[in-house]
Amino acid sequence: MPVSRPRPFAWDVLLRALRFFYLLWGGMLLSTLAFYGRLKLPTALWHWPTFCRAVIGPWGRSVALGIGLAMCLAALLEIWELVDRLLVRFMGESEH
């Protein structure tokens with residue numbers, strides 16, 4: 001089995017930062033839309049009205065709110081990891 005090399009530090013920080021902003025923005029948007037009842041579905045999905053009513057109904061809104069809150073929590077964990085990597089990198093270099 002080939003051994004995978006770790007990504008370079010700059011790429012790792014960039015990808016973690018992008019993932020953080022994606023999770024934070026998406027989680028806040030989805031949570032806000034679900035909380036205030038502004039979830040909208042494209043007209044192409046209205047061929048299945050039962051599915052659309054379930055998604056827009058209270059159960060669908062609560063599932064969307066839960067997913068949004070989980071994304072916000074994942075963003076918090078991601079920024080924790082990002083700051084940890086930055087601190088380890090810069091504190092480790094300052095000792096040399």
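Residues numbered from 1 in each chain as written. Predicted model: local features only at pLDDT ≥ 70, side-chain atom pairs only at ≥ 80, totals over all residues. Heavy atoms only, no water.

Caption draft 1: Region of interest: the side chain of Ser-31. Along the chain, Ser-31 falls in helix α1 (residues 9-35). Among the polar contacts made by the side chain of Ser-31, one reaches the main-chain amide nitrogen of Leu-69 at a distance of 3.4 Å. Those residues in contact with Ser-31 that lie beyond four places of it in its chain are Leu-65, Gly-68 and Leu-69. (Helix = DSSP H or I, 4+ residues; strand = E, 2+ residues; numbered from the N terminus. Polar contact = N/O pair within 3.5 Å; in protein donor to acceptor, adjacent residues only side chain to side chain. Contact = heavy atoms within 4.5 Å.)

Caption draft 2: The arrangement of the packing of aromatic side chains in detail. Counted by the stated rule, this structure contains three aromatic pairs. An angle of 90 degrees between the planes, with centres 5.1 Å apart, marks the rings of Phe-35 and Tyr-36 as edge-to-face. Note on accessibility: Phe-35 and Tyr-36 belong to one class, exposed. Taking NZ or CZ as reference, Arg-89 lies 4.2 Å from the ring centre of Phe-9, over its face. (Phe/Tyr/Trp six-rings, centres within 6.5 Å; stacked < 30°, edge-to-face > 60°. Buried < 20%, exposed > 50% of the residue type's maximum accessible area, 1.4 Å probe, protein only. Lys NZ or Arg CZ within 6 Å of the ring centre and 35° of its normal.)

Caption draft 3: The pattern of salt bridges, seen in detail. Taken as a whole and assessed by the stated rule, the structure comprises four salt bridges. One salt bridge in this structure joins Asp-12 and Arg-16, with 3.5 Å as the shortest N-O distance. Taken as a pair, Asp-12 and Arg-16 lie in helix α1 at a separation of four residues, close to a single helical turn. Judged on exposure class, the residue Asp-12 and its partner Arg-16 are both buried. Here Asp-12 makes a salt bridge to Arg-85, at a shortest N to O gap of 3.2 Å. Pair noted here: Asp-12 is in helix α1 and Arg-85 is in helix α3 (residues 58-94), with a separation of 73 residues, a long-range link. (Salt bridge = Lys/Arg side-chain N within 4 Å of Asp/Glu carboxyl O.)

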